[in-house]
There are 2 protein chains.
Amino acid sequence: MDAYDELLERLKDIDLIGQIGGLMGWDQEVLMPPKAAVLRAEQLAWISKTGHQRLTDPRIGELLSELESGGGLDDVQSANVRLARESYDKATKLPTEFVEEMAKHRSRAQISWTEARAKDDFSIFRDDLEKAIDIARRKADYLGYDELRYDALLDLYETGLSVARVDPLFTGLRENVAPLIKRVNESGVRPDMTWVEGSTWDQSGQESLSQAVSEAIGFDFSAGRRDASTHPFCGGANPDDVRWTTRYNESDPFGSLYGSMHETGHGTYEQGRRRDLDFQPAGEANGLGVHESQSRLWENQVGRSREFCEWALPLWQECFPENMAGISAEQLWQAVNLVEPSLIRVEADEATYNVHIMIRYELEKRLIAGDIEVDDLPEAWDDMYEEFLGIRAPNRSLGVLQDIHWSMGAFGYFPTYTLGNLYAAQLLEAAREDLPDHDEQIRRGEFGPLLAWMREHVHQRGSILEPADLIEEATGSPPTPDAFVEYLRDKVGRLYGVST
Amino acid sequence: MDAYDELLERLKDIDLIGQIGGLMGWDQEVLMPPKAAVLRAEQLAWISKTGHQRLTDPRIGELLSELESGGGLDDVQSANVRLARESYDKATKLPTEFVEEMAKHRSRAQISWTEARAKDDFSIFRDDLEKAIDIARRKADYLGYDELRYDALLDLYETGLSVARVDPLFTGLRENVAPLIKRVNESGVRPDMTWVEGSTWDQSGQESLSQAVSEAIGFDFSAGRRDASTHPFCGGANPDDVRWTTRYNESDPFGSLYGSMHETGHGTYEQGRRRDLDFQPAGEANGLGVHESQSRLWENQVGRSREFCEWALPLWQECFPENMAGISAEQLWQAVNLVEPSLIRVEADEATYNVHIMIRYELEKRLIAGDIEVDDLPEAWDDMYEEFLGIRAPNRSLGVLQDIHWSMGAFGYFPTYTLGNLYAAQLLEAAREDLPDHDEQIRRGEFGPLLAWMREHVHQRGSILEPADLIEEATGSPPTPDAFVEYLRDKVGRLYGVST
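These figures come from a predicted structure and were not determined experimentally.

Right, let's get into helix α10 (residues 203–217) of chain A. Residues and elements named next belong to chain A. The end-to-end C-alpha distance of α10 is 21 Å, a good match for the 21 Å that 15 residues give at a rise of 1.5 Å each. Along α10, the residues that are buried comprise Gly-205, Gln-206, Leu-209, Ser-210, Val-213, Ser-214 and Ile-217. When α10 is viewed along its axis, its buried side chains cluster within an angular range of 160° and face the same direction. Along its buried surface, α10 packs onto β1 (224–228), β3 (241–246), α11 (253–271), α12 (288–302), α13 (306–319) and α19 (448–457). Directly beyond the C-terminal end of α10, a positive phi value near 125° is found at Gly-218.

Right under this line is the structure:
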């Protein structure tokens, strides 16, 4: 067996371990009985340790050196070697015991976070959060960094990301988006929400709507599932077993539907991967920013368009005949595009969303740097919401406890959401050039052409290119916030009659 | 670290791998999307291979030799060494590639069996069954045997079991039970089933009843789950994560309830294990015969008693107010004890049940010996049902395709069901001596004392003793069919006014 084949065989082993871990993680979030938590943590720690041991096997280092000094590799092979090298280097910097400690703590912290959130009591999560931050710092130290510890964490979720790159991005967005939000607020215009807020929205109707829309977009339910969980996510084992979740609130029908479209975006990306590259890193979905572009595309660019609302109106009427009596597509469109400062990130509108991300990004920077203590975090959170959005959470569940990420130790993850918003707008702008009838297709519920475009230009390209190069190949220009700002300006202008 | 501690550490690793496999198997049966089957087979094969590699590590052989030649071990330590030796010897006889082949084939065959059963088409399963038999033969050859290949397979599920031991057992049961069935048929007595057969039994009512009864028996739903699956089973990962299933038929309310009580019996056994022996073989449930005694105890000895029916009647009325109007506990008791030849094993009555097992046992013996071809199996199945029960399946789904076992490669497993029936009767007879108010307790729905007796005498004893020794310790005599025969004779006599 030559070195490349041996490398692929070893990578397959590692990928299978990851698939098993994915399934167990899904089970833990969705349906595991509560008392099972302690031993599930042991199982996940074993999986994590075993995957780490396989990845850090010195033989992989030998094979990589041999392949790197050789040559004659095509683009897929080169990508596999490059990606395996990145994983190997990152993994060999983390001792096995540390990886095991991380996995155990992640399981434990997710339990305490869930309880803290349910009981609205930050103190239940406090110690586990402090330990999670300590672990994140030690992880950064193991991985190494030039300027800031936090850079090492950002780089984990999108190769090359750093504070130096993200700071100006948020500054740029703030300069363009903040004035928009301000003018909307000053305009005094507010869409009619009485028909939404005055009704009860049966969970069964929300489930039917989520299912129908996800099927229409093209999610393959014979290769995946829809379930409910506290924190919506898309997980599972592989492209044949993609599992996404949403959550239902009977006084708000939009959270479950747009959450479902978001996760459907992630799910169709996973299902659209090149199957001849199964078990190979080159076939995997690209970094988190690109992943998020697919979820944001369907949730916002498509799902909150006027055309989509026209198509979806009859579905809404079918699922909620009484509530929707006399409601027009225009009313629906306005309601799903309400621009208004709110407390919950996952339910935030497109204009204010990046402010939520910016707050988390700023807090993470300070937590990792030690500029803020865990005990001061809940108030700091609330203070920033007050400063940037003018609102303050009435309790911890709607404040600092709302997101699962820190309980998972995923510091450095949040900024990829904003990258996703930028990429989504940029990708749709490019897709429109190939799909001149895009708006009409959406109006008719023909989502196939757009999905096919994403399949070809994004999903099937896997991780062969680095994220920024993939965006440039697909759109003709490197990542930029321009398309997003333009999209938002146009939409808010139409909805609220304001301009900047 | 001394040898014993090192052995325990290695056994913990192996147990964790088994826990993960248990979870994945449950997922596959209960909710995995269909297209995920192929890659799930790869995952399970990896788990199986990895567990096998750990178990067959020569270091375990060294540790066992050291401990066996030493001494000073208490009864739990001795049991761990003995059980680890049994596993090690069995595993080292099976090459890693063969174990992987078995696991892959098991996943594949379960898919084709499910499809064949759904489409009532034996040909879909035929090739996979033939391969499963071939694999079972090769397994027996690897394991070794004195007289018959099939003996090696029987021994896998209950240590020491062999054709020489099982043949007389079935002969004995036939001699005592067959005349009973014959007299019941000749009596012309048949309980009133019109109130059962003439109604539709809503699935939601059946679910409520199953849940209420399982909770009353003492199954801890914060450490387990109830779900639906094609073939009811009890699985999961460990005592904190026990997952059982049942299935619902709206024209028969008994299948789901008694299936639920059966799996609840398995489930309470798992939940009742000694937790200070987590990850140790001595703490695991004893062989399959003993496991089945716990399921049969609650399903039949308790669940089909006159006293249980009196207690359960108000629950029945609550779940099915219209269907149960005017039905007495006596009518319920008679209906759940209908003795009548039927096609489906899992729904068979206590008297005919062992005939179902005997047919499978005889067919397995012949399949493994090569005395019958796979192509002739469906007709041979039907012929034996006609010979011994006087009925013939109208299709394959009600005939040869009804059980999951062969698709799982579990040849040699069925006889443990009959052992379970015998042990259950023997254990209850012994428990009655300590619980003089047993009948009254059941009538009042006080299941705690009986469960506590089983906890002490069976569950908490784990696998410290071999199965036959455990039964003798708990009941005062070695395994015997006497208690079962006496129990059946008494009950059938009361129900049908017949005696032998």
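What follows deals with the interface of chain A and chain B. In this assembly, 27 residues from chain A lie in contact with 27 residues from chain B. Those elements that provide at least two residues to the side of chain A that touches chain B are α1 (3–30), α2 (37–55), β1 and β2 (234–238) of chain A. Class assignment for the residues of the side of chain A that touches chain B results in 16 nonpolar, five polar and six charged.

Our focus in this paragraph is the relation of the copies chain A and chain B. Of the two same-sequence chains, chain A is brought onto chain B (RMSD 0.0 Å, axial shift 0.0 Å) by a rotation of 180°. Taken together, the rotation angle and the small translation identify this as a two-fold axis. Comparing interface residues between copies, 100% of those in chain A also sit at the interface in chain B, which points to an isologous, same-surface contact.

What follows concerns the domain arrangement of chain A. It is common to give the size of an interface as the accessible area that goes away when the parts come together. Residues and elements named next belong to chain A. When its domains are assigned, chain A resolves into domain 1 (3–144) and domain 2 (163–496). Here the C-alpha centre of domain 2 lies 26 Å away from the C-alpha centre of domain 1. Opposite the 37 residues of domain 1 that make contact, domain 2 presents 32 residues. Among the elements of the structure, α1, α4 (75–92), α5 (96–119) and α6 (122–143) are those that each provide at least two residues to the side of domain 1 that touches domain 2. By residue number, the principal contributor to the side of domain 1 that touches domain 2 is α1, which donates 11 residues. Split into classes, the residues belonging to the side of domain 1 that touches domain 2 amount to 20 nonpolar, six polar and 11 charged.

A word on the packing of helix α17 (residues 415–434) of chain A against helix α21 (residues 482–496) of chain A. Axes are the key here: two packed helices are described by the angle between their axes and the distance separating the axes. Residues and elements named next belong to chain A. At their nearest, the axes of α17 and α21 sit 7 Å apart, and the two run at 80° to each other. Classed by the angle they form, the pair α17 and α21 counts as roughly perpendicular. Contacts between α17 and α21 pair Asn-421, Leu-422, Ala-425, Gln-426 and Glu-429 from the former with Ala-483, Phe-484 and Tyr-487 from the latter. Residues belonging to the contact of α17 with α21 are distributed by class as follows: five nonpolar, two polar and one charged.

The pLDDT averaged across chain A works out to 94; a share of 100% of its residues lies at or above 70. Across the predicted assembly, pTM comes out at 0.89 and ipTM at 0.87.

Let us now look at the pairing of strand β3 (residues 241–246) of chain B. Side-chain direction in a regular strand flips from residue to residue, so the side chains alternate between the two faces of the sheet. Residue and element names in this part refer to chain B. Burial within β3 is extensive, with six of its six residues counted as buried. Residues Asp-241, Arg-243 and Thr-245 line one face of β3 and the alternating positions Val-242, Trp-244 and Thr-246 line the opposite face, and both faces are buried. Pairing geometry for strand β1 (residues 224–228) and β3, over five bridges, is parallel. Paired with Ala-228 across the strands is Thr-246, a residue of β3.

What follows concerns helix α15 (residues 350–369) of chain A. Structurally, the α-helix is built with 3.6 residues per turn, so residues lying three or four positions apart point the same way. Residue and element names in this part refer to chain A. In this model, α15 (20 residues) spans 30 Å end to end at C-alpha, consistent with the 28 Å of a helix rising 1.5 Å per residue. Most of α15 sits out of view: 17 of its 20 residues are buried. One or two steps after α15, the chain reaches Gly-370, where phi turns positive at roughly 80°.

For the rest of this paragraph, the subject is the sheet that holds β1 of chain A. Residue and element names in this part refer to chain A. Spatial ordering of the open sheet is given by β1-β3-β2, a layout of three strands whose pairing is mixed. Across the chains shown, the open sheet's two edge strands, defined by having one partner strand only, are β1 and β2. Taken over all neighbouring pairs, the strand axes of this sheet differ in orientation by 20° on average, direction set aside. Of the pairings in the sheet, the one linking β2 to β3 comprises four bridges and is antiparallel in character. Directly across from Gly-236, in β3, lies its bridge partner Val-242. The sheet contacts of α1 involve β1, β2 and β3, and relative to β2 the element is tilted by about 145°.

Reading guide: rules and limits
Residues numbered from 1 in each chain as written. Chains lettered and ligands numbered in written order. Predicted model: local features only at pLDDT ≥ 70, side-chain atom pairs only at ≥ 80, totals over all residues. Helix = DSSP H or I, 4+ residues; strand = E, 2+ residues; numbered from the N terminus. Expected span 1.5 Å × (residues − 1). Buried ≥ 20, exposed ≤ 12 C-beta atoms within 10 Å, placed from the backbone. Arc of directions from axis to C-beta. Contact = placed C-beta atoms within 7 Å. Nonpolar A, V, L, I, M, F, W, Y, C, P; charged D, E, K, R; others polar. Least-squares fit on C-alpha atoms with pLDDT ≥ 70 in both. Domains from an automatic or database assignment. Axes fitted to C-alpha atoms, helices over the stretch in contact; angles between N-to-C directions. Parallel < 35°, antiparallel > 145°, perpendicular 65-115°, else oblique. pLDDT = per-residue confidence, 0-100. Pairing = 2+ DSSP bridges.

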